[in-house]
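Observations on the model geometry
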Amino acid sequence: YKLSVSPEMDIMEYCRKEWRGNTPAAKRMRKGYEAVAQKFASIRRIRGDNYCAFRATLFQALSQAAHLPRWLQSEDFTMLPENLLSKYDWIKEWQLRQKPGKRMGEIRDEIKEYLILLRQKWKNISEIKCPLEKQEACDKLFKNEEEEYSLYEALKFLMLNTAIELYNAGKSGRRVPVFSWLLFARDTSSNPCQLMHNHLNHIGHSGGLEQVEMFLLAYALQYTIQVYRLYKYSTDEFITLYPNDPEEDWPVVTLITEDDRHYNIPVRMCQETML
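The model shown is predicted, which means the values in this text are computed figures rather than measured ones. (Residues numbered from 1 in each chain as written. Predicted model: local features only at pLDDT ≥ 70, side-chain atom pairs only at ≥ 80, totals over all residues. Heavy atoms only, no water.)

Next up on the list: the UniProt feature "site: Linear diubiquitin binding" (unreviewed entry) in the chain. Under the present numbering, the feature "site: Linear diubiquitin binding" (unreviewed entry) in UniProt falls on Glu237. Setting aside residues no more than four positions away along its own chain, Glu237 makes contact with Arg229 and Lys232. (UniProt positions renumbered as here; feature names shortened; annotations may be inferred. Contact = heavy atoms within 4.5 Å.)

Negative charge collects at one region of the surface, where Asp245, Glu247, Glu248 and Asp249 lie side by side. Relative to the helices and strands, Glu248 resides in the loop between strand S4 (239-242) and strand S5 (252-257). The exposure class assigned to Glu248 is exposed, which follows from its relative accessible area of 84%. (Patch = residues over 30% accessible without salt bridge, like charges linked within 9 Å, V, L, I, M, F, W, Y side chains within 5 Å. Areas by Shrake-Rupley, 256 points an atom, 1.4 Å probe, with all protein chains shown as cover. Salt bridge = Lys/Arg side-chain N within 4 Å of Asp/Glu carboxyl O. Lys, Arg positive; Asp, Glu negative; His and termini not counted. Charge placed at Lys NZ, Arg CZ, Asp CG, Glu CD. Helix = DSSP H or I, 4+ residues; strand = E, 2+ residues; numbered from the N terminus. Buried < 20%, exposed > 50% of the residue type's maximum accessible area, 1.4 Å probe, protein only.)

Looking now at the UniProt feature "active site" (unreviewed entry) in the chain. Mapped onto this numbering, the UniProt entry annotates "active site" (unreviewed entry) at Asp49, Cys52 and His262. These annotated residues cover 214 residues of sequence, but their C-alpha atoms sit close together, with the largest distance between any two at 8.4 Å. By the element assignment, Asp49 lies in the loop between strand S2 (40-44) and helix H3 (52-63). A residue is classified by how much of its surface remains accessible, and Asp49, at 22% relative accessible area, is partly exposed. If near-sequence neighbours (up to four positions away) are discounted, Asp49 is found in contact with Arg55 and Tyr149. In this structure the side chain of Asp49 is engaged in a polar contact, spanning 3.0 Å, whose partner is the backbone nitrogen of Tyr51. With respect to the helices and strands, the residue Cys52 is situated in helix H3. In this view, Cys52 contacts Ile46, Arg47, Arg261, His262 and Tyr263; residues no more than four positions away in its chain are not counted. (Polar contact = N/O pair within 3.5 Å; in protein donor to acceptor, adjacent residues only side chain to side chain.)

Turning our eyes to something else, we now look at the pairing of strand S6 (residues 263-269). Across the seven residues that make up S6, a large majority, five, are buried. Where S2 and S6 come together, four bridges link them in antiparallel fashion. Paired with Arg44 across the strands is Ile265, a residue of S6. The sheet contact formed by S5 and S6 spans two bridges and is antiparallel. The partner of Thr257 across the bridge, within S6, is Tyr263. The hairpin formed by S5 and S6 contains five residues between the paired strands, and Asp260 there has a positive phi angle of roughly 65°. (Pairing = 2+ DSSP bridges.)

Across the interface, helix H1 (residues 11-18) lies against helix H2 (residues 24-37) with an axial gap of 9 Å and an inter-helix angle of 170°. Comparing the axis directions of H1 and H2 gives the class roughly antiparallel. Together, Ile11, Met12, Tyr14 and Cys15 of H1 and Arg30, Tyr33, Glu34, Val36 and Ala37 of H2 make up the contact between the two elements. For the contact of H1 with H2, the per-class residue count stands at seven nonpolar, no polar and two charged. (Axes fitted to C-alpha atoms, helices over the stretch in contact; angles between N-to-C directions. Parallel < 35°, antiparallel > 145°, perpendicular 65-115°, else oblique. Nonpolar A, V, L, I, M, F, W, Y, C, P; charged D, E, K, R; others polar.)

Before going further, it helps to spend a moment on helix H5 (residues 80-87). All of the buried residues in H5 are Leu80, Pro81, Leu84 and Leu85. Angular distribution of buried residues about the axis of H5 spans 115°; they occupy a single face of the element. For H5, exposure combined with an orientation more than 90 degrees from the buried face picks out Ser86 and Lys87. (Arc of directions from axis to C-beta.)

Put simply, Tyr242 and Pro243 share a cis peptide bond, and its omega is -5°. Note that Pro243 resides in the loop between S4 and S5. The backbone of Asp260 sits at a positive phi, close to 65°, despite the residue not being glycine. Among the residues examined, Asp260 registers a relative accessible area of 13% and is labelled buried. Despite not being glycine, Arg268 has its phi angle at roughly 60°, a positive value. By relative accessible area, Arg268 is classed as exposed at 54%.

Overall, the coordinates contain 19 aromatic pairs when judged by the stated rule. Taken together, the ring pairs in this structure connect Phe179, Phe215, Tyr219, Tyr242 and Trp250 into an aromatic cluster. (Phe/Tyr/Trp six-rings, centres within 6.5 Å; stacked < 30°, edge-to-face > 60°.)

Dropping the structure here:
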């Protein structure tokens, strides 16, 4: 049994434990952590499987959720699997977690269940007003492996839906964000079907999220994901925003990475920063 989100630890204490040497890399990491410690007091380690970007982002979003996002309230939300499967036959190749070779109807019903679970959990946690109780509810959710992984399946499906919308918009000559061009410029994802087969189906199994897919996740959730990329300390990319031109009304979640593969989360904003 592994903890999905470890208890809080002082950021600089964590840094000293992890980066003791005097190599240029260790020095850069320490500087990076010092910069993060100007804003946040603690860090929580995220379990390191191929879902860590999902886990870190969703945990942060739920921890600070004050209401149910608009897109989660829409009537059509739980009809997504049905609507998409009726238009795109290839979605029946969707790879459900540890359940290869499911039939089309089973995929539709199962993903619908995941979407309903996502809405229900988000609603329940956002209605908790006491910060301590909210945190406890999040901790409890991320200790329930079955539910946790079901939520990641929901996120993956939302990313596919967003990718299809962006692809169709681009094809019909409408304006799309720059990352959308990059997403579909890859040899392995020149259209949503390839994106599903070569990327989304593998997330959590044999790989995590690539940079360009972090943009897609941010768009799917309508959240700005702010990442301290510690190995980029003292460059323009030290603090990277996904998307880099976010909508003003999108909430912001903050993550930390040392290598763009594994993500942890900073918690407890320092008092000065909050003021």
